[in-house]
Amino acid sequence: MKIEEFMSEAIKLANESIDNGGGPFGAVIVKNGEIIAKSSNSVTKDNDPTAHAEINAIRQATKKLSTFDLSGCEIYSSCEPCPMCLGAIYWARIEHLYFACNQNDADKIGFSDQFIYKEIEKQYQYRNLKTENIFREEALKVFEKWENFKEKIEY
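Residues numbered from 1 in each chain as written. Predicted model: local features only at pLDDT ≥ 70, side-chain atom pairs only at ≥ 80, totals over all residues. Heavy atoms only, no water.

**Some words on the pairing of strand S3 (residues 73-79)**
Within S3, six of the seven residues are buried, which leaves the element mostly enclosed by the surrounding structure. The pairing of strand S1 (residues 26-31) with S3 spans five bridges and is antiparallel. The residue of S3 that forms the bridge with Val30 is Glu74. Direction of pairing for S3 relative to strand S4 (residues 96-101): parallel, over a ladder of five bridges. Note on S4: the bridge partner recorded for Ile75 is Leu97. (Buried < 20%, exposed > 50% of the residue type's maximum accessible area, 1.4 Å probe, protein only. Helix = DSSP H or I, 4+ residues; strand = E, 2+ residues; numbered from the N terminus. Pairing = 2+ DSSP bridges.)

Listed below in structure tokens is the structure:
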């Protein structure tokens, strides 16, 4: 298959998602020229705010490949990923992102991520989400344990 076919599949999934009670987003993950995972948005169907197309596809791909590391994979998304999905794409080590609609297109139909980008830049005390830094010293002991743990699996 070619790039155009993978993106067409992501767009097809987004279109079908609307008819199946999900949001208008689809994603396909490819490795070595083969689709290994594909999904659409299922936030409202699953009552899960993290069930975006890209996250769902990443979960499928990691299960299929039995690894959290998706190096060597590409992701095709019907829309530019939101901050959560973009973060997940980086964490999964996906090597190439292709997207169709951009964040301005999504904003025009009511899917705006701008408030998240703005919130991330703010200091904790100025965020809309009440945010407090507590029990740091206790939690640092856990980090110290991790740092010295010989059998850890780095990710």
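**So, helix H1 (residues 3-19)**
Taking 1.5 Å per residue as the helical rise, H1 with its 17 residues ought to reach 24 Å, and the 25 Å between its terminal C-alpha atoms agrees with that figure. Every buried residue belonging to H1 is among Phe6, Met7, Glu9, Ala10, Leu13, Ala14 and Ser17, and all of these are buried. Buried residues in H1, looked at end-on, bunch into an arc of 150 degrees, giving them a common side. Turned more than 90 degrees off the buried face of H1, the exposed positions are Glu4 and Asp19. Those residues of H1 hidden inside the fold are in contact with S1, strand S2 (34-40), S3 and S4. Downstream of H1 by a residue or two, Gly21 has a phi angle that is positive, lying close to 90 degrees. (Expected span 1.5 Å × (residues − 1). Arc of directions from axis to C-beta. Contact = heavy atoms within 4.5 Å.)

**Some words on the pattern of salt bridges**
One pass over the structure, following the stated rule, counts seven salt bridges. Where Asp69 meets Arg93, a salt bridge forms, and the shortest distance between an N and an O atom there is 3.7 Å. Of this pair, Asp69 sits in the loop between helix H3 (53-65) and S3 while Arg93 sits in the loop between helix H4 (83-91) and S4; the two residues are 24 residues apart in sequence, bridging distant segments of the chain. By relative accessible area, which is 27% here, Asp69 ends up partly exposed. You can call Arg93 partly exposed: its relative accessible area is 30%. With its nearest N and O atoms 3.9 Å apart, the salt bridge here joins Lys152 to Glu154. (Salt bridge = Lys/Arg side-chain N within 4 Å of Asp/Glu carboxyl O.)

**Notes on the packing of H3 against H4**
Viewed as axis vectors pointing N to C, H3 and H4 meet at an angle of 25 degrees, and their least axial separation amounts to 9 Å. On the basis of their axis angle, the class for H3 and H4 is roughly parallel. As H3 runs across H4, the sense of the crossing is left-handed. Here Glu54, Ile55 and Ile58 of H3 come into contact with H4, specifically with Met84, Cys85, Ala88 and Ile89. In terms of residue class, the contact of H3 with H4 is made up of six nonpolar, no polar and one charged. (Axes fitted to C-alpha atoms, helices over the stretch in contact; angles between N-to-C directions. Parallel < 35°, antiparallel > 145°, perpendicular 65-115°, else oblique. Left-handed = near helix turned anticlockwise from the far one by under 90°. Nonpolar A, V, L, I, M, F, W, Y, C, P; charged D, E, K, R; others polar.)

**Regarding the sheet that holds S4**
If you trace the four strands from one edge of the open sheet to the other, you get S2-S1-S3-S4, paired in mixed fashion. Looking at which strands have only one partner, the edges of the open sheet turn out to be S2 and S4. Ignoring which end each strand starts from, the neighbouring axes of this sheet average 15 degrees apart. The strands touched by H1 within the sheet are S1, S2, S3 and S4, with S1 carrying the most contacts at an inclination of about 150 degrees.

**Let's talk about H3**
In this model, H3 (13 residues) spans 18 Å end to end at C-alpha, consistent with the 18 Å of a helix rising 1.5 Å per residue. Of the positions making up H3, those classed as buried are Ala53, Glu54, Ile55, Asn56, Ala57, Ile58 and Ala61. The elements touched by buried residues of H3 are S1, S2, S3 and H4. One or two steps after H3, the chain reaches Ser66, where phi turns positive at roughly 55 degrees.

Just distances and angles here, no functional claims.
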